[in-house]
Amino acid sequence: MTSPADTFLDLSTSVLRDLVAGQSPKDLAARICLRIEQMRPGRIASVMWAGDGDERLHVFAAPSAPQGLIDQLDGLTPGAHAGSCGSAAHSGVPALVSDIETDSRWDDLRPLAQQWHLRSCWSLPLFHNDRLLGTFALSGMVSDVPTDDDILLLQFAATLVSALLHHEYQMRQSQRLTDQKSRLIDFNHMLAKVNQKIVSVESERELLQPLCDLAVRYAHLKLVLLARPDETLRFRFLAASGATGYTDGLYISADPDLPEGQGTMGRTWRSEQAYFNTSFEHSEFLQPWQARARQFGLKATATLPVLRGGKMFAVLAVYHAEPDVFDGPLQDVLRELALSISRGLDRLDAQKQQNALFNNALVGVFLVQGRVIKSCNHQAAHMFGYSLDDMVGMPVRDFFASDIEYARLDKAFSKMSKSQVVQRQSVVCVRRDRQLVQCDVSGRMFTDNEGEHSVWTVLDATERETQAQRLHRIAGFRELLSELNQFSADPANMQQVKDHDLYDFVCQVLSQNNALKLVWIGSPLADRKSTRLNSSHLVIS
């Protein structure tokens, strides 16, 4: 007959050998349970696992237990009255319950025990150093106090199962680290794609929905949405991607007095703070939406504030199909994602303001790169008689009346710097219809990711120049009239000059400096149908 010591040695050797060979710890734990049950007929052996990080116990191996019992025990919260396994995990000491009907440690699970006819349960907590790994238990259909041999058997099984659970923990930790690195790479890839998109969009519609799509595609999130409350404080969805069926008929409020306003979305809206929930199922303030979340496979969620102009604009909500995934590095990426969306919205608003100023300016505005027009406003196109589309791509030289005029501005291009505004007045330019227009121009250089550019403002100075010429002629006439008045006021001059000579003198004075091309003085004849020319003067230039 094989002794217990030999049985223990054989079982330990085979289990550890197969563990090293790569067999699943779960399968080996089930083998141990079956072997222990053979040694104690009438009892059910089970292993509970506490290594998922959710502070709950999960059935790891119970090959002889009914599936219904397994389903009811899975996810057990440790506690002083949570059965033998729950009590052992809670207290850290064995819970050797010989009579479930009367033992207070089964107060919370007594109906379950009655349903499955359990009368006794001996459970030992399993540790590695100070970390709880789980429990090992032997349950029976009769009330029974464990003997010394029973306790020795429990201790042997607990030691062997602890080795399996520790190996399972190490494997899961290794896989978790691998998954974390992979997720972090995916999330950073997503963030890069989002930032690329942000700099290219020109409207809010082009921004929000594609960003949700990119987050689902590259970060493998189950659902991503942006929402803001309406006048009734009910959240309305601005964009969503992924498992969008979750949002159909979904009621979430920003009202703190309602249960639907106590979720993370409402809290984020009111506090402008991010919230990260490792487990959707076990978060009390997400209770109104837990059933719906289970239906769509949402197990973890995070909500983050999206600002616009420094004020709350919307809430970014992301959902993952796995619990406990939003670790520190992923939280940092998600915060950066929310900031990127905020910056994208601010960029759109700034762009709108710039476009309004650009297109409503009373002067022409040109963006020039490499002596070629990159863009311009409506006033610039109107000033030179072109459409906006025609202006783009035209060489700057095409707008100057001569090489001399272009050279004046080309020198300004060469001397321009980022800190200096270059100005030129009365530059003669040419319109599309070949009419000349005199312009005052000023420009400044700047650099962006596409290289060096210059921005030029152009003011139509034609009317100013015309008015200046008109005023100059008036001043000239006033000087001529003053000279004639001075001449005629001297009696000696008038006595010496004959009428004809006087007429001729007046014509010569009025035509000085090309003020007039032709001056003549005449008087009507007797028939009043013709005129006698008394004197005239023609200026030839």
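Refer to the preceding data block for the structure.
Residues numbered from 1 in each chain as written. Predicted model: local features only at pLDDT ≥ 70, side-chain atom pairs only at ≥ 80, totals over all residues. Heavy atoms only, no water.

K.L.:
Summarise helix H8 (residues 264-271); cite the residues concerned and give the values.
P.N.:
Inspection of H8 places Thr264, Met265, Gly266, Thr268 and Trp269 among the buried residues, and these make up the whole buried set. Looking at the buried positions of H8, the neighbouring elements they touch are strand S6 (223-229), strand S7 (235-242), strand S8 (275-277), strand S9 (300-308) and strand S10 (311-320). Immediately beyond the C-terminal end of H8, within one or two residues, lies Glu272, with a positive phi of roughly 60°. (Buried < 20%, exposed > 50% of the residue type's maximum accessible area, 1.4 Å probe, protein only. Helix = DSSP H or I, 4+ residues; strand = E, 2+ residues; numbered from the N terminus. Contact = heavy atoms within 4.5 Å.)

K.L.:
A description of the nonpolar core should follow, citing residues and the corresponding values.
P.N.:
Counting 38 residues, the largest nonpolar core has Phe187, Leu316, Phe326 and Leu334 as its most contacted members. If you list the elements that add at least two residues to this core, you get helix H6 (148-198), helix H7 (204-219), S6, S9, S10 and helix H10 (328-360). Per element, the largest residue contribution to this core is 9 residues, and it comes from H7. For Leu334, the contacting residues outside a window of four places in its chain are Phe187, Phe276, Ala302, Leu304, Val318 and Phe326. (Core = buried A, V, L, I, M, F, W, Y, C linked by side-chain atoms within 4.5 Å.)

K.L.:
Which residues make up the packing of helix H2 (residues 25-39) against H6, and what values do they have?
P.N.:
As a packed pair, H2 and H6 sit with axes 10 Å apart at the nearest point and diverge in direction by 170°. Between H2 and H6, the interaxial angle falls into the category roughly antiparallel. Along the contact surface, H2 presents Pro25, Lys26, Leu28, Ala29, Ile32, Ile36 and Met39, while H6 presents Leu153, Phe156, Ala157, Leu160, Val161, Leu164, His167, Glu168, Met171 and Arg172. Of the residues that constitute the contact of H2 with H6, the class distribution is 13 nonpolar, 1 polar and 3 charged. (Axes fitted to C-alpha atoms, helices over the stretch in contact; angles between N-to-C directions. Parallel < 35°, antiparallel > 145°, perpendicular 65-115°, else oblique. Nonpolar A, V, L, I, M, F, W, Y, C, P; charged D, E, K, R; others polar.)

K.L.:
I'd love a proper account of the sheet that holds S8, names of residues and values included.
P.N.:
In space, the 5 strands of this open sheet follow the order S7-S6-S10-S9-S8, with antiparallel pairing throughout. Two strands close off the open sheet at either side, each with one partner strand: S7 and S8. Pairs of neighbouring strands in the sheet enclose a mean axial angle of 20°, with direction left out of account. Here S6 pairs with S7 via 7 bridges, running antiparallel. Across the sheet, Leu226 pairs through a bridge with Ala239, a residue of S7. H7 contacts S6, S7, S9 and S10 of the sheet and is inclined by roughly 50° relative to S7. Here H8 sits on the sheet in contact with S6, S7, S8, S9 and S10, set at roughly 150° to S10. (Pairing = 2+ DSSP bridges.)

K.L.:
I'd like to hear about the sheet that holds strand S4 (residues 120-128), residue by residue, with values.
P.N.:
Taken together, 5 strands build an open sheet; the order of strands is S2-S1-S5-S4-S3 and the sheet is antiparallel. Single-partner strands in this sheet number two, and they are strand S2 (58-61) and strand S3 (95-97). Averaged over all adjacent pairs, the angle separating strand axes in this sheet is 25°, with direction ignored. Bridge count between S4 and strand S5 (residues 131-140): 9 bridges; the pairing is antiparallel. Bridging from a neighbouring strand, Ser120 pairs with Gly140 of S5.

K.L.:
An account of unusual backbone geometry is needed here, citing residue identities and associated values.
P.N.:
Non-glycine residue His117 carries a positive phi angle of around 60°. You can see His117 is positioned in the loop between helix H5 (110-115) and S4. Accessibility expressed as a relative area gives 56% for His117, which makes it exposed. Non-glycine residue Glu272 carries a positive phi angle of around 60°. Relative to the assigned elements, Glu272 resides in the loop between H8 and S8.

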